[in-house]
Amino acid sequence: MARDKDYRNTEYCPKLNKVEEQKQILEKEIKLKFPRTKIVYNKVNNRDSIYHKRFAQIYNNKCAYCGALWGLLPVESFEVDHFLNEASFPDTTEGREEAGRMANLSWSCISCNRGKRGITIKPPYEDLLNVDNGNIAEVFKRDRDYYIRICDTYQDDKFIQQFYEELHLGYETRRLDYLSLQLEGKYQVEKDEKRKHKLGESLSILLKKRNRMAVTGRSL
Ligand SMILES: [Zn+2]
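Conventions and cut-offs
- Residues numbered from 1 in each chain as written.
- Predicted model: local features only at pLDDT ≥ 70, side-chain atom pairs only at ≥ 80, totals over all residues.
- Heavy atoms only, no water.
- Donors = N, O, S within 2.8 Å, 3.2 Å for Na, K, Ca; no water.
- Tetrahedral: all angles 85-135°; square planar, octahedral: opposite > 155°, others 65-115°.
- Buried < 20%, exposed > 50% of the residue type's maximum accessible area, 1.4 Å probe, protein only.
- Phe/Tyr/Trp six-rings, centres within 6.5 Å; stacked < 30°, edge-to-face > 60°.
- Axes fitted to C-alpha atoms, helices over the stretch in contact; angles between N-to-C directions.
- Helix = DSSP H or I, 4+ residues; strand = E, 2+ residues; numbered from the N terminus.
- Parallel < 35°, antiparallel > 145°, perpendicular 65-115°, else oblique.
- Left-handed = near helix turned anticlockwise from the far one by under 90°.
- Contact = heavy atoms within 4.5 Å.
- Nonpolar A, V, L, I, M, F, W, Y, C, P; charged D, E, K, R; others polar.
- Arc of directions from axis to C-beta.
- Salt bridge = Lys/Arg side-chain N within 4 Å of Asp/Glu carboxyl O.
- Core = buried A, V, L, I, M, F, W, Y, C linked by side-chain atoms within 4.5 Å.

A. Just the coordination of the zinc ion, in detail. Looking at the zinc ion, one finds its protein donor set to be Cys 63 (SG), Cys 66 (SG), Cys 109 (SG) and Cys 112 (SG), positioned 2.3 to 2.4 Å from the metal centre. Around the zinc ion sit 4 donor atoms; with metal-centred angles ranging over 102 to 118°, the donor geometry is tetrahedral. Spacing between the donor residues of the zinc ion along the chain follows C-x2-C-x42-C-x2-C. The two residues Cys 109 and Cys 112 agree in class, both being buried.

B. Up close: the packing of aromatic side chains. A complete count under the given rule lists 12 aromatic pairs for this structure. Here the aromatic rings of Phe 55 and Tyr 59 are separated by 5.4 Å at their centres, their planes lie at 55°, and the arrangement is tilted. Judged on exposure class, the residue Phe 55 and its partner Tyr 59 are both buried. Grouped by ring-pair contacts, the aromatic residues Tyr 7, Tyr 65, Phe 140, Phe 163 and Tyr 164 constitute a single cluster.

C. Just the packing of helix α1 (residues 19-33) against helix α3 (residues 50-58), in detail. Where α1 meets α3, the axes come as close as 10 Å, and the angle between the chain directions of the two elements is 165°. One way to sum up the angle between α1 and α3 is to call them roughly antiparallel. Relative to α3, α1 is oriented so that their crossing is right-handed. Across the interface between the two elements, Val 19, Gln 22, Lys 23, Leu 26, Glu 29, Ile 30 and Lys 33 from α1 touch Tyr 51, Arg 54, Phe 55 and Ile 58 from α3. When grouped by side-chain class, the residues that make up the contact of α1 with α3 number 6 nonpolar, 1 polar and 4 charged.

D. Molecular detail of α3. Buried within α3 we find Tyr 51, His 52, Phe 55, Ala 56 and Ile 58. Angular distribution of buried residues about the axis of α3 spans 150°; they occupy a single face of the element. Buried residues in α3 make contact with α1, α2 (40-44), β1 (78-82) and β2 (105-109). Positioned one or two residues after α3, Asn 60 has a phi angle of 50°, which is positive.

E. Quick peek at the pattern of salt bridges. In the structure shown here, the tally under the stated rule is 14 salt bridges. Taking the shortest distance from any N to any O, the salt bridge between Arg 114 and Glu 79 comes out at 3.1 Å. Taken together, the residues span a long stretch of sequence, with Arg 114 in helix α5 (residues 110-116) and Glu 79 in strand β1 at a distance of 35 residues. Classification of Arg 114 by relative accessible area gives partly exposed; the value is 45%. Judged by relative accessible area, Glu 79 falls into the buried class, the value being 10%.

F. Looking closely at the nonpolar core. Val 44, Phe 55, Tyr 65, Leu 129, Phe 140, Phe 163 and Leu 169 are the most contacted members of the largest nonpolar core, which has 49 residues in total. For this core, the elements supplying multiple residues, two or more each, are α1, α2, α3, β1, β2, β4 (148-150) and α7 (158-166). Every residue in contact with Val 44, bar those within four places of it in the chain, is listed here: Leu 26, Ile 30, Tyr 51, His 52, Phe 55, Val 80, Met 102 and Leu 105. Residues Leu 69, Leu 72, Leu 199 and Leu 206 belong to the second largest nonpolar core, which totals 11 residues.

Right, here's the structure in full:
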């Protein structure tokens, strides 16, 4: 079966498209509507705001780090992530504005977001791990069994290893998310009602298992 080169996608997933551009447009719109808003993060991270959903759509509703789909997981399991963590910026009003600017935000599942909170990304990793332009898909890959792994080039890179571990990218839940995503993709395109029903059943069993694991936070 053909696989997408980007470990975050199955063959059914739409590709990320002009993420940086779309984010800029959204930021302009927010600033126009709310001229006094200094920290854009506060607008897009607010679950009741339409900008929250619009922001998620830019990322096809998928975690920018692990590829999990928002619609398959509990609604509260996603949030807006600071790509460079807040500790990377001065503890001043300007620093907080800078951290919360649109270019520094990405859509993330809670597990990835919380995991990377303590990680300070510095050059050259800023560019290497860029989630918006897909650079991160050169650093990690999906193996034959659907686990996320570090690509050969970065196997011995201590920072990449730390990133992989802190975000729990090697966890079983990441694999189940991918399998669910694949089943969901098949489900969407299946025309035969009987087969569609079966796929739906399998998907719901898989999601039940996955969500039980998320509650315990365990890898297996
Ligand atoms: Zn994630």
